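Fold and contact review
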Amino acid sequence: AIDPDDASALSFKGQVLVGGMARETRARTSYERRDDVANYLRRALAADPDNVYALSGLGDHYKRNEWRWADSKALLERALALDPNFSDAHLVYTYLLAVMGRCVEAVEHARAVNSIDPEFGWSTLGLPRALKCAGGEEEANRLYLRQLGANPNESFLIREMYLNFLERRDIASLRALPDEVRKAIANICGMTQAALVARASDY
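Everything numeric here is computed off the predicted structure, so don't read it as measured data.

This part takes up a nonpolar patch on the surface. Together, Trp 67, Trp 69, Val 99 and Met 100 give the surface a local cluster of nonpolar side chains, amounting to about 430 Å² of exposed area. Here Trp 69 is to be found in helix 4 (residues 69-82). In this structure Trp 69 comes out as partly exposed when scored by relative accessible area, which is 33%.

This is the structure we're talking about:
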C-alpha cells in the first residue's frame with residue numbers, strides 16, 4: 001500500500017500465494033493462484049530486475065508449472081550470479097538440472113544447498129534425490145538414514161524413504177525401515193536421557 005512497486009514485497013506476496021494460504025485466494029483454483037503468483041513475480045522483476053527472490057521464484061514457476069526450462073535456467077543462473085549463496089536458487093536449479101538429465105550438476109547444487117543451510121528441512125532432501133538421479137543410490141540411502149537418526153519424528157522423511165525403497169522395489173530395505181525408525185527414536189531418547197542425567201549431576 002505504501003509502495004506498490006516494492007520488489008521484495010511483491011516477490012514475498014507471490015511466495016505466500018504459492019501455497020494458497022492467503023485468505024483472498026482460498027476460493028481460487030490452483031491454476032488461478034499460479035497465475036497470480038507469476039504476475040506478482042513478474043511485477044517484482046519489472047521493478048527490480050536484480051531481485052534474487054523474484055528471479056528464483058519465477059524460475060521455479062516456469063520449471064514447475066509452464067515447463068519453460070530455458071527461461072527457468074536463465075532466471076536461476078542470473079540469481080546465482082547475483083548471489084552465489086542464495087540457497088533457494090540452488091535448490092530450484094537442482095531440480096531443474098535433474099529434470100534436464102544433468103544429474104551430476106544437480107548434485108553439485110544440492111551440495112551447495114546443504115553447505116549453506118545444513119539444518120534439516122525439505123530443502124536438504126534435494127541432495128539424496130539428486131544423488132539417485134546420478135546413480136548414487138547407496139550414498140543417497142546413507143544420507144536418508146543419517147537424517148533419520150537426527151530427526152526420527154519427521155514423518156515426511158520417513159515417507160520419503162519409504163517411497164524411495166518402493167520405487168526401487170528394494171524389499172529388504174522396506175522391511176528394515178520400521179526397525180531403522182525405532183532405532184533412531186531409541187537413540188534420540190537415550191541421548192536425551194543421558195543429557196538430563198548429566199545436567200542433573202551438575203547440581
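A few words now on the nonpolar core. Residues Leu 45, Leu 58, Leu 75, Tyr 93, Leu 127 and Leu 131 are the most contacted members of the largest nonpolar core, which totals 31 residues. Among the secondary structure elements, those contributing two or more residues to this core are helix 1 (7-18), helix 2 (30-47), helix 3 (52-66), helix 4, helix 5 (87-99), helix 6 (103-116), helix 7 (126-133) and helix 8 (137-150). With residues near it in sequence (within four places) discarded, Leu 45 still touches Asn 51, Ala 54, Leu 55, Leu 58 and Leu 75. Core analysis: the next-biggest nonpolar cluster, separate from the first, contains nine residues, Leu 125, Tyr 144, Phe 165 and Leu 177 among them.

Our next topic: the environment of Leu 145. In this fold, Leu 145 is placed in helix 8. According to the relative accessible area criterion, Leu 145 is partly exposed, its value standing at 35%. Note: C-alpha distance between Leu 145 and Leu 157 (12 residues apart in sequence) is 9.6 Å. Setting aside residues up to four positions removed in sequence, Leu 145 forms contacts with Met 161 and Glu 180.

Within the secondary structure layout, Ser 56 lies in helix 3. The exposure class of Ser 56 is buried, given its relative accessible area of 4%. When neighbours within four sequence positions are excluded, Ser 56 is seen to be in contact with Leu 76, Ala 79, Phe 86, Asp 88, Ala 89 and Val 92.

Reading guide: rules and limits
- Residues numbered from 1 in each chain as written.
- Predicted model: local features only at pLDDT ≥ 70, side-chain atom pairs only at ≥ 80, totals over all residues.
- Heavy atoms only, no water.
- Patch = residues over 30% accessible without salt bridge, like charges linked within 9 Å, V, L, I, M, F, W, Y side chains within 5 Å.
- Areas by Shrake-Rupley, 256 points an atom, 1.4 Å probe, with all protein chains shown as cover.
- Salt bridge = Lys/Arg side-chain N within 4 Å of Asp/Glu carboxyl O.
- Helix = DSSP H or I, 4+ residues; strand = E, 2+ residues; numbered from the N terminus.
- Buried < 20%, exposed > 50% of the residue type's maximum accessible area, 1.4 Å probe, protein only.
- Core = buried A, V, L, I, M, F, W, Y, C linked by side-chain atoms within 4.5 Å.
- Contact = heavy atoms within 4.5 Å.

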